[in-house]
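Spelled out from the first residue to the last, the chains are:
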Amino acid sequence: MQRALDFAREGDATPGASPIGCVIVFEGKIVAEGHNEVGLRHDPTAHAEIVTIRRACEKLGRDDLRGATLYSTLQPCGMCTMASVWTSIGRVVYGAGRDHVHRMYFEDRHLDTMDFMRDAYRDDMALVGGVLKAECAALYYGPDDEPPREEQANT
């Protein structure tokens, strides 16, 4: 998770990127890492997890990441959650959850995207939240903050 935090900070310092970091570990080694590149690539799917999943699949030469662990500084959104399910990632570990950050980071008021993982037709997928929670949450607006309107995509 510390490496994901490093990438989140790199994203925060990169014009067009944002402070969400992700690392994928396979067989004990980091195989891919990245941060959110939506504004950098002008691609709304270029979330940190998607960027990192693409890099891991390319590096490993496969589209199945069974046995890999994905570390993200923020609880994955619906798109990234489903990408984790579809690539058969074995474990998802995240830092800050939806209750630790402003609601703008998530696409739905009542839907917890982690339910997608719990309800997937897989029983080999583990989910761990709250790892380095305070450090990760410090990267984002808090639940009671009032971020500038132009920064709020989902509210």
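From a predicted model like this one, the values you see are computed outputs, not experimental measurements.

Definitions and cut-offs
Residues numbered from 1 in each chain as written. Predicted model: local features only at pLDDT ≥ 70, side-chain atom pairs only at ≥ 80, totals over all residues. Heavy atoms only, no water. pLDDT = per-residue confidence, 0-100. Helix = DSSP H or I, 4+ residues; strand = E, 2+ residues; numbered from the N terminus. Polar contact = N/O pair within 3.5 Å; in protein donor to acceptor, adjacent residues only side chain to side chain. Contact = heavy atoms within 4.5 Å. Expected span 1.5 Å × (residues − 1). Buried < 20%, exposed > 50% of the residue type's maximum accessible area, 1.4 Å probe, protein only. Pairing = 2+ DSSP bridges. Axes fitted to C-alpha atoms, helices over the stretch in contact; angles between N-to-C directions. Salt bridge = Lys/Arg side-chain N within 4 Å of Asp/Glu carboxyl O.

Attention shifts here to the confidence of the model for the protein chain. The predicted model of the protein chain averages 87 in pLDDT, with 88% of residues at 70 or higher. The spread of mean pLDDT over the elements of the protein chain runs between helix α5 (residues 114-119), the lowest at 73, and helix α3 (residues 48-60), the highest at 98.

The subject of this paragraph is the side chain of Thr-69. In this structure, Thr-69 sits in strand β3 (residues 69-74). In this structure the side chain of Thr-69 is engaged in a polar contact, spanning 3.5 Å, whose partner is the side chain of Arg-91. Apart from residues no more than four positions distant in its own chain, Thr-69 is found in contact with Val-23, Ile-24, Val-25, Arg-91 and Val-93.

Turning next to the environment of Glu-58. Mapped onto the elements of the fold, Glu-58 is located in helix α3. Expressed as a C-alpha distance, the spacing of Glu-58 and Val-31, which sit 27 residues apart in the sequence, is 9.8 Å.

A word on α3. Here α3 spans 18 Å end to end across 13 residues, near enough to the 18 Å set by a 1.5 Å rise per residue. Restricting attention to buried positions, one finds in α3 the residues Ala-48, Glu-49, Ile-50, Val-51, Thr-52, Ile-53, Ala-56 and Cys-57. Of the surrounding secondary structure, the elements contacted by the buried residues of α3 are β1 (18-26), β2 (29-36), β3 and α4 (78-86). Just downstream of α3 lies Gly-61, where phi reads positive at about 70°.

The five strands are arranged β2-β1-β3-β4-β5 in an open sheet whose pairing can be described as mixed. The strands lining the two open edges of the sheet, one partner per strand, are β2 and β5 (126-129). Strand-to-strand twist across the sheet, computed as the mean angle between neighbouring axes with direction ignored, equals 15°. As defined by bridge partners, β3 adjoins strand β4 (residues 91-96) across five bridges and the pair is classed as parallel. Its bridge partner being in β4, Leu-70 is matched across the sheet by Val-92. Sheet contacts for helix α1 (residues 2-12): β1, β2 and β3; angle to β1, the most-contacted strand, approximately 145°.

Here the focus is the pattern of salt bridges. Counting across every chain of the model gives nine salt bridges. We note a salt bridge from Asp-6 to Arg-3, for which the minimum N-O separation is 3.9 Å. Of this pair, Asp-6 and Arg-3 both sit in helix α1, three residues apart, which is roughly one turn of the helix. Accessibility expressed as a relative area gives 33% for Asp-6, which makes it partly exposed. Residues Arg-9 and Asp-6 are paired through a salt bridge, measuring 3.7 Å at the closest nitrogen-oxygen approach. Within this pair, Arg-9 and its partner Asp-6 are both found in helix α1, separated by three residues, close to a single helical turn. Residue Arg-9 is classed as partly exposed on the basis of its relative accessible area of 40%. Each of Arg-3, Asp-6, Arg-9 and Glu-33 takes part in a single network of salt bridges with overlapping partners.

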